[in-house]
Amino acid sequence: DHENARHLAEGIAKIKGIQVDLKRVQTNIVLLNTSGLKIDDKIVLSKLKEKGVLVSTMGKNTLRMVTHLGIEREHAEEAIKAVAQTADEVNKHVFP
């Protein structure tokens with residue numbers, strides 16, 4: 001779980017508009033700072049849910065992702081791809 005969380009965090013940290021404090025990723029929890037997207041987190045949550053990725057909010061501009069038993073590296077890759085696609089849509093103001 002922790003390895004997948006680290007992989008998830010490292011992948012998401014490369015996405016424009018989202019920051020991840022990699023030093024804080026010590027367990028299966030990854031916190032995303034979405035302030036760089038300059039959009040309401042509810043929209044980001046909705047877009048990720050449409051792509052099959054469930055996240056929760058931890059306050060303004062902070063989203064929480066959790067890896068758990070049954071989440072494999074391929075799932076982390078899919079989540080990274082979904083977050084990247086969502087950030088790209090938001091950055092381009094394209095909402096399919």
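To be clear, the structure that these remarks concern was listed above.
Residues numbered from 1 in each chain as written. Predicted model: local features only at pLDDT ≥ 70, side-chain atom pairs only at ≥ 80, totals over all residues. Heavy atoms only, no water.

Peer 1: Now, about the nonpolar core: what can you tell me, with residues and values included?
Peer 2: In terms of nonpolar packing, the biggest core is built from 25 residues, with L8, I12, I18, V30, L32 and M65 touching the most fellow members. Those elements giving two or more residues to this core turn out to be α1 (2-12), β1 (29-33), α2 (41-50), β3 (62-66) and α3 (73-92). Here this core gets 7 residues from one element, more than from any other, and that element is α3. With residues up to four places along the chain from it excluded, the contact list for V30 reads A5, L8, A9, V20, V25, L63, R64 and M65. (Core = buried A, V, L, I, M, F, W, Y, C linked by side-chain atoms within 4.5 Å. Buried < 20%, exposed > 50% of the residue type's maximum accessible area, 1.4 Å probe, protein only. Helix = DSSP H or I, 4+ residues; strand = E, 2+ residues; numbered from the N terminus. Contact = heavy atoms within 4.5 Å.)

Peer 1: Hey, could you go over the side chain of T34 for me, with residue numbers and the actual values?
Peer 2: Relative to the elements of secondary structure, T34 occurs in the loop between β1 and α2. At 2.6 Å, the side chain of T34 forms a polar contact with the side chain of D41. Setting aside anything within four residues of it in sequence, one finds T34 in contact with G17, D41, N61, T62 and L63. (Polar contact = N/O pair within 3.5 Å; in protein donor to acceptor, adjacent residues only side chain to side chain.)

Peer 1: Requested: an account of the environment of R73, with residues and values cited.
Peer 2: With respect to the element layout, R73 can be found in helix α3. On a C-alpha basis, the gap between R73 and N4 in space is 5.9 Å, while along the polypeptide they are 69 residues apart. Apart from residues lying up to four places away in sequence, R73 is in contact with N4 and H7. Here H7 takes part through its side chain, which lies 2.8 Å from a polar atom of the side chain of R73.

Everything listed here is a matter of coordinates, which is why it stays silent on function.
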